[in-house]
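# Architecture at a glance
Each chain is listed here by its residues.
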Amino acid sequence: MSKRKFVVKSGMIDLINFAKMIPERKAHLENGPLRRVPATYPINELAKLNHPGKMELCVSDIIVHSEDVKSYILKAENSNKKLAPFRAGQYLTVQLKIGNSLVTRPYSIASTPNDARKGFYNITVKRVPDGFVSGYILDNIKIGDKITAFSPEGTFVYEPIRDAKTVVGIAGGSGITPFLSLAGSIADGTCDADLVLLYGARTSKDLVFKAELDELGKNDKITVVYVLSDSKEKGYEKGFITAELIQKYAPETYSIFLCGPKAMYEFAGKEIEKLNIRKKFVRFELFTSASKASQIPGFPMDKDGLTFELTVRQFGKEKKITCLSNESILVALERAGIEAPARCRSGECGFCRSKLVSGDVFVPSNTDGRRIADIKFGYIHPCSTYPMSDIVIKID
Amino acid sequence: MSKWDAIVIGAGNGGLSAATTFAQAGKKTLLLEKHNVPGGFATSFRRGRFEFEASLHELCSFGSVPGMGNVRRIFEELGVYDKVEWCRIPDAYRMITLKDPENYDVTMPFGVAAFIDKMEQYVPGSRPSMTKLFALGEKMRDTGEFFGNIKGFDGKLVMDILQDHTDFIRVASYSSNEILKAVGVPKKARDIFNAYWCYLGEDTDTLSFVHYMGMVERYLSTGAVCAKGRSHEMSCAFQERFEELGGTVYFNSFVDRIVMKNGRAIGVHIAGRDEIEFADCIVCNSSPHNAIGKMIDPKDLPEMAVRKTNARKFAGRGFTMFLGLDKSPEELGVTNHCYMIYDTADTVYQRKSMNTIEGNNAQATCCLNLAVPGCSPEGTTIMYFTTLYTEDCWSKVKEEDYVKTKEYVANKMIDNFEKATGAKIRDAIEEIEIATPATYARYTDAPQGTIYGYNSEPWDGIVPRILMTGSDDLIPGLYFAGGYGTQLLGFGSAYTSGYQVANRIMKKQEKGERI
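All of these numbers come straight from a predicted model, not from anything done at the bench.

Basis of the calculations
- Residues numbered from 1 in each chain as written.
- Chains lettered and ligands numbered in written order.
- Predicted model: local features only at pLDDT ≥ 70, side-chain atom pairs only at ≥ 80, totals over all residues.
- Helix = DSSP H or I, 4+ residues; strand = E, 2+ residues; numbered from the N terminus.
- Rg over C-alpha atoms; globule rule 2.2 N^0.38 Å.
- Buried ≥ 20, exposed ≤ 12 C-beta atoms within 10 Å, placed from the backbone.
- Domains from an automatic or database assignment.
- Contact = placed C-beta atoms within 7 Å.
- Nonpolar A, V, L, I, M, F, W, Y, C, P; charged D, E, K, R; others polar.
- Pairing = 2+ DSSP bridges.
- Axes fitted to C-alpha atoms, helices over the stretch in contact; angles between N-to-C directions.
- Core = buried A, V, L, I, M, F, W, Y, C linked by C-beta atoms within 7 Å.

Let us now look at the overall build of chain B. A tally of regular secondary structure across chain B gives 18 helices and 18 strands. Here the C-alpha atoms of chain B give a radius of gyration of 22 Å, agreeing with the 24 Å that 2.2 N^0.38 yields for 515 residues. Along the three orthogonal principal directions, the C-alpha set of chain B runs to about 65 × 55 × 45 Å. A burial count over chain B gives 63% of its 515 residues as buried.

Residue and element names in this part refer to chain A. The assigned domain composition of chain A is domain 1 (49–153), domain 2 (166–284) and domain 3 (299–394). One C-alpha centre belongs to domain 1, the other to domain 2; they are set 24 Å apart. Domain 1 puts 13 residues into the contact, and the matching count from domain 2 is 14 residues. Elements that contribute at least two residues to the side of domain 1 that touches domain 2 include exactly α3 (113–118) and β5 (120–126). Along the lines of polarity and charge, the residues of the side of domain 1 that touches domain 2 split into five nonpolar, seven polar and one charged.

To continue, consider the domain arrangement of chain B. All names here are of chain B. According to the domain assignment, chain B contains domain 1 (3–84 + 228–312 + 458–510) and domain 2 (111–222). For domain 1 versus domain 2, the distance between C-alpha centres works out to 28 Å. The interface of domain 1 with domain 2 comprises 20 residues on the first partner and 17 residues on the second. Counting residues per element, the ones that place at least two in the side of domain 1 that touches domain 2 are α17 (462–467) and α18 (491–510). Among the elements that make up the side of domain 1 that touches domain 2, the one with the highest residue count is α18 (five residues). Of the residues in the side of domain 1 that touches domain 2, the class split is seven nonpolar, 11 polar and two charged.

Residues and elements named next belong to chain B. A sheet is described by the order of its strands in space; here seven strands give the open sequence β7-β6-β14-β15-β16-β13-β17, paired in mixed fashion. Two strands lie at the open edges of the sheet, namely β7 (105–108) and β17 (429–435), each paired on one side alone. Going from strand to strand, the sheet's axes swing by 15° on average, the running direction of each strand aside. Set on the sheet, helix α15 (residues 402–421) makes contact with β6 (93–97), β13 (317–325), β14 (338–342), β15 (363–367), β16 (381–389) and β17; between it and β14 the angle comes to about 105°.

Our focus in this paragraph is the nonpolar core. Soluble, globular proteins show a tendency: their nonpolar side chains are buried together. Of all hydrophobic cores here, the largest spans 184 residues; its most connected members are Ile7(B), Ile282(B) and Val283(B). Two domains each provide a minimum of three residues to this core, namely domain 1 (3–84 + 228–312 + 458–510) and domain 2 (111–222) of chain B. Other than its neighbours up to four places away in sequence, Ile7(B) contacts Leu30(B), Leu32(B), Val268(B), Glu277(B), Ala279(B) and Ile282(B). In terms of nonpolar packing, the next biggest core, distinct from the first, is built from 68 residues, Phe209(A), Leu213(A), Phe257(A) and Ala268(A) among them.

A word on the interface of chain B and chain A. Facing the 70 residues of chain B at the interface are 58 residues of chain A. With eight residues, the single largest contributor to the side of chain B that touches chain A is helix α12 (residues 303–311) of chain B. Here the side of chain B that touches chain A is built from residues that sort into 31 nonpolar, 17 polar and 22 charged.

What follows deals with the sheet that holds strand β1 (residues 54–66) of chain A. All names here are of chain A. One open sheet holds the six strands; their spatial order is β4-β3-β6-β1-β2-β5, and the pairing between them is antiparallel. Among the strands making up the open sheet, the edge pair consists of β4 (101–108) and β5. Here the strands of the sheet are splayed against their neighbours by 40° on average, with no regard to which way each runs. Two strands pair when backbone bridges link them, and β1 and strand β2 (residues 69–76) are joined in this way by eight bridges, in the antiparallel orientation. Of the residues in β2, the one forming a bridge with Ile-62 is Tyr-72. Against the sheet, helix α4 (residues 132–140) touches β2, β3 (91–98), β4 and β5, its axis set at about 115° to β5.

On to the environment of Leu245(B), then. Residues and elements named next belong to chain B. Tracing the backbone shows Leu-245 in the loop between α10 (230–244) and β9 (248–250). Considered as a pair, Leu-245 and Lys-406 are 161 residues apart in the sequence and their alpha carbons are 43 Å apart. When near neighbours in sequence (up to four residues on either side) are disregarded, Leu-245 contacts Thr-20, Ala-23 and Gln-24.

See the structure below:
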């Protein structure tokens, strides 16, 4: 730049304009309107409606499918309050106080997004052998009981931009619920997709929601195929959900969505591999973490069955409890009645992210949903982490 | 009842740097965050086999030694720099227009000389004016650095500015385009030079020259960086450093009330908890609109705090689409890290079109793999597409139309990207996530989902804001850090504002003034 000073309009005008800036801004600020500054905005209210955090619900009805499977119709305790909207395939995390324990469990929502707009959710609970929470719910929860739940979460949803036009749903046991929601929203026109549902069960008596599915199957966009492993019955496929069976019912391009018990993931997972389809067309909903950690590949067997001390720091306070090498740290927290943040219970969502201050842990690689920096800076997801020594964690 | 030297509300970039600055000076500091992760918008999230960067495109004012930018200097001074693995951004930007008569498709490099050379290729004859412009820009940078490094504000400072920064004073009151025209930059070169405008969210007829030129000059002269572990790594690094220095962080702690006594902010109440945390001073990383609109009892508010808050105008509300793709960038035909895609290079027209969901065709698109090689598995790509809404148009979207509206914008972004670049991305989408203004509102409680703080109105640009630093305080004992502050929006600005406000408070204390 030349030695000559840079001038925009003229030396004097530039200086005057500069000198005017502060008084002008001061005047603008001081003459701001004297009315209440808004406490909220429509978009922030929509965000709160979509993600209210905790919701106080009550059981308005119970549908008994069998002694071991019941559906719970949940409404807002305060009938003026809208329920959080959700997308078909998402889950609701229920928080329960059972004895001294404060536990959470995720349940896929079986009802449709439009049902939520009308004011209710349906979650279906199936008895898990030796299950702490499912048994409690099935045997104790009555109509009129209050239930605390967290906003719907989850990514097991149909995304038209990403997924094929046809979803091949593979369902087993209570894994049928997200598909019931999806089928319902296809039928009512909220979701524009085709669904081929392969629903596996042992016998036709084990098919929960069969009547509803038969009805939904009348829709041109929905095909329901029942696959029975233990009995040969007319009008049903016999056997397991194999690659051949998928090919028999699927069109040329499709997305596979799978939700079911652990055994089904193991079997169907291998069958899906045989189909050699791109990862983008295969989605699993993971719910069940192994009840016993020592069954997980990679578990250090010399640590099987040990008890350790767990020091928990939260909001500047400290508490010492016991934990077991075979149980996730989250279970130890819940047993001690500590309110620990948690949602998905399968390592994925990150709501339970906590700092591991000291100690050794085992994190199974298939459920390690941590961020890169969280691993670097020593964070864990207690729902999918097992203590291997005395440990100290900070959970706030 | 605990007594803190300082409480910082919100662990966003401004909150983290303010808290760490306090802790480094030995102040007993409590940092409160409503979320369970630090960073505010500076975070990441996982979907399938991808970990997405939530917001950062590139961090400027970093540079290398010597010639270190002031943001890097803050990272170094606070002991955070070495905790982060940094990656350099390869090139400045590629600007493509969809409907402009000039049909722009220009790729601009970092480095002032290289940038001027490239401009000369695109716009023959532009060299003399561009050279002149950057000489002026260098002076703006000196002044900007001077502002970025000041730790307090007083009368002496004004004298320093008047004596040592005369070129700054001459251009300070003008918009970017006014100066570009005064320097004689040809129209086409102005169009290309203005491409970064959407990073500041205001058109270049309005944007302060000092602001825009300062940013461009910093980007070009010192390049830009991002963190290998996404901006979550930067946030975690800050938090770890803060705790090493003796600071206390509580997550899942939403401050719903600022406690006042005799006109002073003296403490905060955390939702769902009994006790009140008291402190000598409170630094709020949430917006002044939230503090004045809902955290303080209206009867405790001075009239001027209300007037000053209501005078401000929100800047852009954010929208981002995140894609995980199952092909490599080469397979997709994605060759650049940063694409600016507009209907037109006319920034006034373009900005105006961003006031509706239908009209908005502007997008800043990043391919993370080109800055952070290996950020996703072999043969895959991470991209994110960001736009801003200059009005609160998303508030008109009904709940039942919300998902469909998200998809509408996402589809438009994909189509426009493919049309502009010739790359084929749609069929390779393995993961998609969409953040709307409602998402931003939920994540940080930002009013209307604003991600750019207060707009750079002609009267509320960076120069008068900086010059009026101290007099912007609204309530005794309460200070603000982050994108709503003197340095306006952006990662670097937010870090700087937190660092500056903490130092300003401590300087007042040293002088025995009431804080």
